[in-house]
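# Summary of the model geometry
Read off the chains here:
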Amino acid sequence: MRHINSEEPLVITEDLSKMFGDFIALHPLNVKVFAGEFFGVFGPNGAGKSTFIRLLTGQLQSSMGNAEVLGIDVKKMPQRLKANIGIVPESESPPSYLTPYEYLYFIGRLRRLDDLQNKVLHWLDWFGMNDKKDTMCKDLSKGQRQKIMLACAFIHEPRLLFLDEPFANLDPIYQRKCRTWLLDHVAKGGTIFMCSHVLEVAERLCTRLAIIDHGKVLVSGKISDIKEADSETLEDVFIRLVGQSDNEEE
């Protein structure tokens, strides 16, 4: 088990924003995520969740502001950052003409993992992919490709995981199995930053969350702290805040 300094910020953003031409995808954001947290970003489709996670993982460059992840300046050293985190991007698949075994082995070689073959076989078995390990990824189902992307993020058990809609295309059995693994990973000292639009996920997993809409953070904190009353559900909070945001835009 890792020693956790819960006061250590692993993600820090200072007025981080992104524009595409005249369109503001993300207004200036100031967010901190601390070691040992399961931090969730939730919002409707098009709220800016995926843009946020892509900025933090060096897949996009910000238009303004700064982001520091694991003490690394994301804009200046994106490759160093990617070597030290795990990422499951939204709607990304493994290379079509590699098999699951080949792709996991390739990722493990890049990360210079010890006992690599056993690690690859372990995760193929964990995700129930033994019978598909030598099948071209182009011939896998969406759910099977998602399992491989998750296995690639989990295989080195990184200190910090970035997950964008990680349960998309997974059946209920593997959704539960992955939730259990993620909670165990946090209990052992890992930290998770996850984007999703599924509020049930927040209730089950997150220690703290932010709700965003139209590229703006509407609220951030513990679930208990963002409710106006004990009887208010997270769904009530979401509809109240996102509804207000939509009205302000009109």
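The rules we used
Residues numbered from 1 in each chain as written. Predicted model: local features only at pLDDT ≥ 70, side-chain atom pairs only at ≥ 80, totals over all residues. Heavy atoms only, no water. Helix = DSSP H or I, 4+ residues; strand = E, 2+ residues; numbered from the N terminus. Rg over C-alpha atoms; globule rule 2.2 N^0.38 Å. Buried < 20%, exposed > 50% of the residue type's maximum accessible area, 1.4 Å probe, protein only. Contact = heavy atoms within 4.5 Å. Areas by Shrake-Rupley, 256 points an atom, 1.4 Å probe, with all protein chains shown as cover. Pairing = 2+ DSSP bridges. Axes fitted to C-alpha atoms, helices over the stretch in contact; angles between N-to-C directions. Parallel < 35°, antiparallel > 145°, perpendicular 65-115°, else oblique. Left-handed = near helix turned anticlockwise from the far one by under 90°. Nonpolar A, V, L, I, M, F, W, Y, C, P; charged D, E, K, R; others polar. Salt bridge = Lys/Arg side-chain N within 4 Å of Asp/Glu carboxyl O.

### Concerning the overall build of the chain
Looking only at helices and strands, the chain has 9 helices and 11 strands in total. In terms of C-alpha radius of gyration, the chain reaches 18 Å, essentially the compact-globule figure of 18 Å for 250 residues. For the chain, the C-alpha atoms occupy an extent of roughly 55 × 40 × 40 Å along the three principal directions. The buried share of the chain, taken over its 250 residues, is 49%. For the chain, contacts bridging at least 24 residues in sequence account for 68% of all contacts bridging at least 6. In the structure as shown, the chain presents an accessible area of about 12700 Å², 47% of it carried by carbon and sulfur atoms.

### Considering the sheet that holds strand E4 (residues 38–42)
If you trace the 6 strands from one edge of the open sheet to the other, you get E7-E8-E9-E4-E10-E11, paired in mixed fashion. Whereas interior strands pair on both sides, the edge strands pair on one side only; in this sheet they are strand E7 (86–88) and strand E11 (216–221). Put simply, the sheet's adjacent strands are angled 15° from each other on average, direction ignored. The sheet contact formed by strand E8 (residues 160–164) and strand E9 (residues 191–196) spans 5 bridges and is parallel. What sits directly across from Asp 164, in E9, is Cys 195. Across the sheet, helix H1 (residues 49–56) touches E4, E8, E9 and strand E10 (208–213), and the angle it forms with E9 is around 150°.

### Comments concerning the packing of helix H3 (residues 100–110) against helix H5 (residues 142–154)
Axis separation between H3 and H5 bottoms out at 10 Å; the angle between their running directions is 20°. One element, H3, and the other, H5, form an angle in the roughly parallel class. The handedness of the crossing between H3 and H5 is right-handed. Across from Pro 100, Tyr 103, Leu 104 and Ile 107 in H3, the residues of H5 making contact are Ile 148, Met 149, Ala 151 and Cys 152. Looking at the contact of H3 with H5, its residues break down into 8 nonpolar, no polar and no charged.

### Topic: H1
The buried count for H1 comes to 6 of 8 residues, which makes it a mostly enclosed element. Those residues of H1 that sit buried are Lys 49, Thr 51, Phe 52, Ile 53, Leu 55 and Leu 56. One or two residues past the end of H1 sits Gly 58, with phi positive at roughly 75°.

### Focus: the pattern of salt bridges
Using the criterion set out here, one finds 8 salt bridges in the structure. One salt bridge in this structure joins Glu 8 and Arg 159, with 2.7 Å as the shortest N-O distance. Of this pair, Glu 8 sits in the segment before strand E1 (9–20) while Arg 159 sits in the loop between H5 and E8, placing them 151 residues apart in sequence. In this structure Glu 8 comes out as partly exposed when scored by relative accessible area, which is 27%. What makes Arg 159 partly exposed here is its relative accessible area of 32%. When the shortest N-O distance is used, the salt bridge between Asp 134 and Lys 133 registers 3.2 Å. Overall, Asp 134 belongs to the exposed group, its relative accessible area being 56%.

### Description of the pairing of E1
By the bridge criterion, 3 bridges tie E1 to strand E3 (residues 32–34) in an arrangement that is antiparallel. Counted as the bridge partner of Pro 9 is Phe 34 from E3. Sheet topology places E1 next to strand E2 (residues 23–29); 4 bridges connect them, and they run antiparallel. Bridging across to E2, Met 19 finds its partner in Ile 24. Where E1 hands over to E2, the hairpin turn is made up of 2 residues, of which Gly 21 adopts a positive phi near 65°.

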